[in-house]
Amino acid sequence: QVQLVESGGGLVQPGGSLRLSCAASGSIFNMLAMGWYRQAPGKERELVVVITKDGATHYADSAKGRFTISRDNPKNILYLQMNSLKPEDTALYYCHFLSGDKYIYWGQGAQVTVSS
């Protein structure tokens, strides 16, 4: 089992920045990849960015150049730095964990609202 707890969401004005954190615990030694997804009201959940155990990253086009994924391995924390935020970035952001046995875990979500 893997437990994921997100934090760092909130309300920010357009052009502002936020950093999300995802603290992972449990059987995290078996990680294949971690990442961030988001779901806006009335829309399907979509990939924002993923990072593999080897450090390779894949960003959605909407995130390229504005968002940065990073991780603190000793602390088992995944981060998402979001800059130049736009109203269309408003969504519930979920931390995602893919285990070696291909099981997917999700956090509870962190609300990000971009509005003036």
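Above this text you will find the structure in question.
Residues numbered from 1 in each chain as written. Predicted model: local features only at pLDDT ≥ 70, side-chain atom pairs only at ≥ 80, totals over all residues. Heavy atoms only, no water.

**A few points about the environment of arginine 66**
For step 1, the next point in the chain: Structurally, arginine 66 is set in the loop between strand E6 (57–59) and strand E7 (67–72).
For step 2, the next point in the chain: When the C-alpha atoms of arginine 66 and methionine 31 are compared, they prove to be 26 Å apart, with 35 residues separating the residues in sequence.
For step 3, the next point in the chain: Not counting residues within four places of it along the chain, the set of residues in contact with arginine 66 comprises Gln81, Met82, Asn83, Ser84, Leu85, Lys86 and Asp89.
For step 4, the next point in the chain: There is a polar contact of 2.7 Å between the side chain of arginine 66 and the side chain of aspartate 89. (Helix = DSSP H or I, 4+ residues; strand = E, 2+ residues; numbered from the N terminus. Contact = heavy atoms within 4.5 Å. Polar contact = N/O pair within 3.5 Å; in protein donor to acceptor, adjacent residues only side chain to side chain.)

**Here's the deal with the sheet that holds strand E1 (residues 2–7)**
Strand pairing in a sheet relies on backbone hydrogen bonds. The paired strands run either parallel or antiparallel.
For step 1, the next point in the chain: With antiparallel pairing, the four strands of this open sheet are ordered in space as E1-E3-E8-E7. Either end of the sheet is taken by a strand with one partner, and the two such strands are E1 and E7. Each adjacent strand pair in this sheet contributes to an overall mean axis angle of 20°, direction not counted.
For step 2, the next point in the chain: Alignment of E1 against strand E3 (residues 18–26), held across six bridges, turns out to be antiparallel. The partner of valine 5 across the bridge, within E3, is alanine 23. (Pairing = 2+ DSSP bridges. Axes fitted to C-alpha atoms, helices over the stretch in contact; angles between N-to-C directions.)

**Some points on the state of the cysteines**
For step 1, the next point in the chain: Enumeration according to the criterion identifies one disulfide in this entry.
For step 2, the next point in the chain: Here cysteine 22 engages in a disulfide with cysteine 95; their sulfurs sit 2.1 Å apart. For the disulfide bridge between cysteine 22 and cysteine 95, the dihedral angle about the S-S bond is near -80°, and by the sign convention the bridge is left-handed. With cysteine 22 in strand E3 and cysteine 95 in strand E9 (residues 91–99), this pair connects stretches of sequence that are 73 residues apart.
For step 3, the next point in the chain: Take cysteine 95: its relative accessible area is 0%, and that puts it in the buried class. (Disulfide = S-S within 2.5 Å. Buried < 20%, exposed > 50% of the residue type's maximum accessible area, 1.4 Å probe, protein only.)

**Structural notes on the pattern of salt bridges**
For step 1, the next point in the chain: One pass over the full model with this rule turns up four salt bridges.
For step 2, the next point in the chain: For the salt bridge of glutamate 46 with arginine 38, the shortest nitrogen-to-oxygen distance reads 2.7 Å.
For step 3, the next point in the chain: Between aspartate 61 and lysine 64 there is a salt bridge; the shortest N-O distance is 3.1 Å.
For step 4, the next point in the chain: Residue classification places lysine 64 among the partly exposed positions, given a relative accessible area of 49%.
For step 5, the next point in the chain: Ionic contacts of the salt-bridge type, sharing partners, join the residues Arg38, Glu46, Arg66 and Asp89 into one network. (Salt bridge = Lys/Arg side-chain N within 4 Å of Asp/Glu carboxyl O.)

Honestly, it's all geometry; don't read function into it.
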